[in-house]
Protein chains: 2
Amino acid sequence: MDVLEKTDAKQVLPLRAPILMNPAEAEVIRALRRQGKISRTEISNITGWSKAKTSQEIRSLVEKNYLVEVGKGMSQGGRRPGLLRINDRLGYLVGLDIGATSIDMALTDVAGKILQRRSSPADVRQPPDEFLSRCSELILEMVNAQGCHHNQILGIGVGVPGPVDFTRSVLIAPPLMPGWENFQIRDFFQHTFPAAYVVVDNDVNIMAIGEQRAGDGAGVDHFIFVKIGTGIGSGIISNGKIHRGSIGCAGDIGHICVDKQGPICRCGNTGCLEAVAAGPAITEKALQAGRNGSSALLRQMMEANGGILRPEDVNAACREGDQAALEIIRASGQMIGDILAGLVNFFNPSHIFIGGGITNFGNHLLVSIRRAVLQRSLPLATRHLSINFSQMGPEAGVTGAVALAREYLFVVEGQPFFTV
Amino acid sequence: MDVLEKTDAKQVLPLRAPILMNPAEAEVIRALRRQGKISRTEISNITGWSKAKTSQEIRSLVEKNYLVEVGKGMSQGGRRPGLLRINDRLGYLVGLDIGATSIDMALTDVAGKILQRRSSPADVRQPPDEFLSRCSELILEMVNAQGCHHNQILGIGVGVPGPVDFTRSVLIAPPLMPGWENFQIRDFFQHTFPAAYVVVDNDVNIMAIGEQRAGDGAGVDHFIFVKIGTGIGSGIISNGKIHRGSIGCAGDIGHICVDKQGPICRCGNTGCLEAVAAGPAITEKALQAGRNGSSALLRQMMEANGGILRPEDVNAACREGDQAALEIIRASGQMIGDILAGLVNFFNPSHIFIGGGITNFGNHLLVSIRRAVLQRSLPLATRHLSINFSQMGPEAGVTGAVALAREYLFVVEGQPFFTV
């Protein structure tokens, strides 16, 4: 009975994230995150604390249910020491990657292990409360399927396709979703998930974080993750950490000028990279090529599609050997590469990962980007530079969103724990 | 007699930098660097160590001469506690800022307090051993004037005007000083200063570090320091740390393309920022204006100078209201601003500091740069952006070089101590 009561108490624990820790507790959690499970003696060795202090800190953390005992380690002459690890079932985390036309989400334990996964079409131009209500429903479906309780959701990491004021977790002047400006995403989710700490970041930042935690970016100190789709954006890892910039809008490379005589962009300036090289520019040029007769294949596709072409169609035409489609894709790669060349000089990354809807364009795009970068960047900066498509696909964003939620689960002196 | 012997022993201490520490010692040094002087009890509170462990660590550090007792603090009920601080006279540091035509250097204590300061004209196109011998002589002059011994120099921070492989402390493919490629600067100085750890970095990086430690960049997490002179380069602070990039050549913005139809740069590409906007481009345009009659004043200056103009002359003409000179400077500012606009979108700094030989050009240059950035960057990224001349002048480089030497004085687990 006693035990059952205790278990019940754990199930509906009035725990709210972020869980504030003192530096001593944080040191234990950090060691455990790094090493999985260790004994009191090992913790004492790592921290330099006395046996008494170590025991006291551990006792307090176990009482708070943050740590659990997990069997016995190897004896070192005396009785076998009890091993400790972070209580993975302390609660659950959610990673939510909001795209212009889709939602990707995952429910994980506090160690970031995926327990449930959902994807759904969506339209981000909906009012934010409607859109996010749908997200909450999907999260609740995962929660129910997992047999847990919505009060056990301790963190929600959210990626959104627009500029984010990271400290306030709101979008600022988002071109794709103007109705979301200043909408309190954190408050909205906390209404349904009162124990959750909600962190909102730009969609490309979470992709970069995902690439760093679980992709080829693991262990890479300096890289740029470039997302090419309807828009063009980037996420930046500097010295092993996400670089959000002074107000959180770093990485916005879509509006760097590539051609002063170019077309007017939706931002009001002329010749922005996004306006000449992203998905809509590619389809627009393809439509022109269809209309003006320079590509019979594109005209045929256009007519079959009711006068519309998608980037995928241009890609398909290219694969079938259509010269006009090939030129359009090459020109796009060239312009993206021209901008990246300057950023390579400035930032000197060792890797550029390219993701987003256009990654299935394959080698023509990639080769053009590489060629432009090699031509315009300093030899020193490109000597060991790798430019490749990200292998993570849509998992980059979700993984990064979970990592973000996990990072802010425990907070010490106002700072989240950064543990890769 | 005992005391004298002890003092003597300290004077010729066989101490070599970097001083390797274990994490426990490092924690004490870090606390003392942050707080100046503190008691054992305070150290024990900060570290969480037992009284016994604290005493033992302190005793060991005092025996090694790294710490000294400095009087008594306030009593908290018992006897007044002894205060400890880092032994500032443990040795000396040197900051050396090598420019194309000048050497700036300082001798400091290990806390970075300047004791001696020297500047000298120089020519970096000299062979490196000749050039650096001259530097060694100047350092020895300072050492002698200070009454200390060359074996007491524990660190030398060196800034050089070219790309540096930071981990190896050598220049790579330096355009201004080709003879320096791969020259072992560290070995060279250690021959004369055997106890010194030598750290070599790019000149603009040390200016950025200097601005961060002692200028308006103090406490600023994200900024770009732009040096405009014979070349154009930048130093980058991201998340409060210098960003050197994957092989140490980050910040090289002088060869970003500003005009694909522009003149050929010494790097072989066309229309590099440096080729169209730095000092030589400014004087070249001014000479043209003098020759083709579009400026009587510039012609007059040119003739008075034997057919030569320096950037300062163009500036002086501008101050006297010469329209051609003004246009040249404005055009330069516009092109620099165009490139910075893209970098502001990418990096989202809160500050841009401008330094180097051209900072005395005053408002016309600065206003043109600001205007171009405001016009081309995203409103979000410029909302709180400050663009100003650095107030540090030549002190930025020397200060940064000292800071670098200081950072690498103590090393724990292969990592230097970063303490602002």
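The structure we're discussing is the one just above.
The model shown is predicted, which means the values in this text are computed figures rather than measured ones.

Conventions adopted
Residues numbered from 1 in each chain as written. Chains lettered and ligands numbered in written order. Predicted model: local features only at pLDDT ≥ 70, side-chain atom pairs only at ≥ 80, totals over all residues. Buried ≥ 20, exposed ≤ 12 C-beta atoms within 10 Å, placed from the backbone. Helix = DSSP H or I, 4+ residues; strand = E, 2+ residues; numbered from the N terminus. Pairing = 2+ DSSP bridges. Least-squares fit on C-alpha atoms with pLDDT ≥ 70 in both. Contact = placed C-beta atoms within 7 Å. Axes fitted to C-alpha atoms, helices over the stretch in contact; angles between N-to-C directions. Parallel < 35°, antiparallel > 145°, perpendicular 65-115°, else oblique. Nonpolar A, V, L, I, M, F, W, Y, C, P; charged D, E, K, R; others polar.

Draft legend 1. Examining the pairing of strand S5 (residues 92-98) of chain A more closely. Residues and elements named next belong to chain A. The buried fraction of S5 amounts to 7 of the 7 residues, a majority that puts the element mostly inside the structure. By the bridge criterion, 7 bridges tie S5 to strand S6 (residues 102-109) in an arrangement that is antiparallel. Along S6, the bridge assignment pairs Leu-93 with Thr-108. The hairpin turn running from S5 into S6, its antiparallel successor, is 3 residues long.

Draft legend 2. Structural view of the relation of the copies chain A and chain B. Superposing chain A onto chain B takes a rotation of 180° combined with a translation of 0.1 Å along the rotation axis, leaving an RMSD of 0.1 Å. Those values place the two copies in the arrangement expected of a two-fold rotation axis. Residue Trp-49 of chain A of chain A places its C-alpha closer to the rotation axis than any other residue of that unit, at 2.7 Å. A symmetric contact is evident, with 100% of the interface residues of chain A recurring at the interface of chain B.

Draft legend 3. A look at the sheet that holds strand S15 (residues 351-355) of chain B. Residues and elements named next belong to chain B. In space, the 5 strands of this open sheet follow the order S14-S13-S12-S15-S16, with mixed pairing throughout. Two strands in the sheet have a free side with no partner beyond their single neighbour: strand S14 (241-242) and strand S16 (386-389). Against the sheet, helix H7 (residues 203-214) makes contact with strand S12 (223-228), strand S13 (232-238), S14 and S15, and its axis sits at roughly 45° relative to S13, the strand it touches most.

Draft legend 4. How the structure looks around the environment of Gly-307 of chain B. Following the sequence through the fold, Gly-307 of chain B ends up in the loop between helix H10 (296-304) and helix H11 (311-319). Gly-307 of chain B sits 107 residues away from Gly-414 of chain B along the chain, and the two C-alpha atoms are 55 Å apart.

Draft legend 5. Main features of the packing of helix H9 (residues 279-291) of chain B against H10 of chain B. Residue and element names in this part refer to chain B. At a minimum axis distance of 7 Å, the contact between H9 and H10 shows a crossing angle of 105°. Taken as axis vectors, H9 and H10 run roughly perpendicular relative to one another. Packed against H9, whose contacting residues are Ala-286, Leu-287, Ala-289 and Gly-290, the element H10 presents Leu-298, Arg-299 and Met-302 at the interface. Across the contact of H9 with H10, the residue classes break down as 5 nonpolar, 1 polar and 1 charged.

Draft legend 6. Examining the interface of chain A and chain B more closely. The partner chain B presents 42 residues to the 42 residues of chain A that form the contact. If you list the elements that add at least two residues to the side of chain A that touches chain B, you get helix H12 (323-347) and helix H14 (379-382) of chain A. With 6 residues, H12 of chain A is the single largest residue contributor to the side of chain A that touches chain B.

Shape is all these values report; function is a separate question.
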